[in-house]
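# Architecture and fold: a report
As a plain string of letters, each chain reads:
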Amino acid sequence: MQNNFTTQNGISIPSVGLGTWQSAPQDAYNAVRWAIDAGYRHIDTAFAYGNEADVGRAIRDSGVAREQIFVTTKLPADVKDAEGAKRHFYQSLQNLGTDFIDLYLIHAPWPWAEIGKDCTDGNIVVWKEMIKFRQQGLAREIGVSNFRPDDIEPLLKETGVLPSVDQIRFFVGNMQLPVTNYCQSKGIVVEAYSPLATGGLLLNKQLSQIASRYGVSVAQVCIRYCLHKNTLPLPKSVNQARIEQNFRLDFDLSDEDVRALDGLEGTGPYRYLRS
Ligand code: A2P
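Small disclaimer: the values here were computed from a predicted structure and weren't measured.

Attention now goes to the environment of F70. Of note, F70 is situated in strand β5 (residues 70–75). With 129 residues separating them along the chain, F70 and G199 place their C-alpha atoms 25 Å apart. In this structure F70 touches I11, S12, I13, P14, R41, H42, I43, D102, L103 and R140, once residues within four positions along its chain are discounted.

See the structure below:
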């Protein structure tokens, strides 16, 4: 499986990325090596995951040129000042052992310890720094994560620059339609983190029935569904066989099955944090 999404600035993003949230450092190293061997060319990490150095080392050890691998990392959610944004960006470059980042995201609109807090002013401040990183060629693309339309609008109003990506928690039953529809109407690429609901969907009976009809796993159905919804899935695994499986997506869901999965909206194991 390897197609691409294209940002509003014409930057191409490989359409399935390896997620590394909750991957311990050595696990992240192995996972990235296996993923690249399996054909992945897109790896998602974050400063806050504590595994950037291992991700960077795995990319270097893979033998595949750095330029051929799309690397995303993120500014920690509690950093809402210009100095902090610069410091963390350069630290991420150093951790990853690279001189550019393909996609740099604001990890969340608020610190994780204060979900829902209005940090609009701080988000505008750090967004202006991100714009500079892109102008300097240090970040090829910039965007946000966990942002809703009312978090994004002030960025656009103050800077005239729309994020190119919003990475959100997106899976069968939890499409966050107000966010997804807003982003897609504006040309913002929606990336789906936790496309398996961090494992919460794997035992779902309806999904199992659909999966068995195609001779694939529930995980593969979940990932394929994201692509059907024009969102870019970032499945996380630290297991070689599962990493390989999550990239084998050469089957298509029927319209009827997509409709059945659409019908699960609102029943996802997790609701959006702020709803
Ligand atoms: P593991 O890392 O041991 O493979 P999400 O991507 O939604 O965050 O889900 C990640 C969770 O799903 C992890 O617990 C991961 O475990 C598990 N997982 C990932 N891929 C598969 C798969 N193909 N089959 C079963 N479990 C999977």
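Moving on from the coordinates now.
What follows covers the pattern of salt bridges. All chains considered together, the criterion is met by 12 salt bridges. When the shortest N-O distance is used, the salt bridge between E141 and R134 registers 2.8 Å. Connected through salt bridges with shared partners, the residues E83, K86, E129 and K132 form a single ionic network.

Next up on the list: the site of the ligand. Close to the ligand lie 16 residues, the nearest being L196, T198, S237, R242 and Q245. Contact between the ligand and P195: an oxygen atom at 3.4 Å from a main-chain N or O atom of the residue. A distance of 2.6 Å separates an oxygen atom of the ligand from a polar side-chain atom of S237. Taken by itself the ligand offers 570 Å² of open surface, and the protein chains cover 81% of this. Looking at which element gives the most residues to the shell around the ligand, the answer is helix α9 (residues 240–246), with three residues. Residue classes in the shell around the ligand are distributed as seven nonpolar, seven polar and two charged.

Moving on, we get to the packing of aromatic side chains. Going through the model one piece at a time under the given rule, you end up with eight aromatic pairs. On the numbers, 4.4 Å between centres and 20 degrees between planes, the contact of Y40 with F247 is stacked. Here Y40, found in the loop between α1 (25–38) and β4 (42–44), pairs with F247, found in the loop between α9 and α10 (255–262); they are 207 residues apart in sequence, far enough to count as distant. Judged by its relative accessible area of 0%, Y40 falls in the buried class. Judged by relative accessible area, which is 7%, F247 ranks as buried. With a centroid separation of 4.8 Å and an interplanar angle of 80 degrees, the aromatic rings of F89 and Y104 are classed as edge-to-face.

Attention now moves to a negative patch on the surface. Taken together, D118, D121, D150 and E158 make up a surface patch of like negative charges. Along the chain, the position of D118 falls in the loop between β6 (101–106) and α4 (120–135).

Conventions and cut-offs
- Numbers given for residues are sequential positions, taken from 1 along each chain in its written order.
- Thresholds applied to this predicted model are a pLDDT of at least 70 for local features of residues and 80 or more for the giving and counting of side-chain atom pairs; totals over whole chains, interfaces and linings are not thresholded and use all residues.
- As a convention, hydrogens and water are excluded, and side-chain values are obtained from all of the structure's heavy atoms.
- Under the scheme used here, helices are H or I runs from DSSP no shorter than 4 residues and strands are E runs no shorter than 2 residues, and both carry numbers assigned from the N terminus.
- Contacts are residue-level and defined by heavy atoms, with any inter-residue pair within 4.5 Å sufficient.
- What makes a salt bridge here is a side-chain nitrogen of Lys or Arg within 4 Å of a carboxyl oxygen of Asp or Glu, nothing more.
- What makes a residue near a molecule or strand is one non-hydrogen atom of that residue sitting within 4 Å of it.
- For the purposes of these results, a polar contact is taken to be a pair of N or O atoms within 3.5 Å, where, inside protein, one atom must be able to donate a hydrogen and its partner to accept one; residues adjacent in sequence count only when each atom of the pair is a side-chain atom.
- Note that accessible areas follow from Shrake-Rupley with a 1.4 Å probe, and for residues the cover is restricted to the protein chains shown.
- The classification used treats Ala, Val, Leu, Ile, Met, Phe, Trp, Tyr, Cys and Pro as nonpolar, Asp, Glu, Lys and Arg as charged, and all other residues, Gly among them, as polar.
- The aromatic pairing rule takes the rings of Phe, Tyr and Trp, using the six-membered ring of Trp, and pairs them if the centres are within 6.5 Å, calling planes under 30 degrees apart stacked, those over 60 edge-to-face and the rest tilted.
- Each residue is assigned to one of three classes by its accessible area relative to the maximum for its type, calculated with a 1.4 Å probe on protein chains only: buried under 20%, partly exposed between the two thresholds, exposed over 50%.
- A residue counts toward a patch only above 30% relative accessible area and without a salt bridge, and it is joined to like-charged neighbours within 9 Å or, for Val, Leu, Ile, Met, Phe, Trp and Tyr, to nonpolar neighbours within 5 Å.
- Working convention for charge: Lys and Arg count positive, Asp and Glu count negative, and His plus the chain ends are omitted.
- For this purpose, a charge sits on NZ of Lys, CZ of Arg, CG of Asp or CD of Glu.

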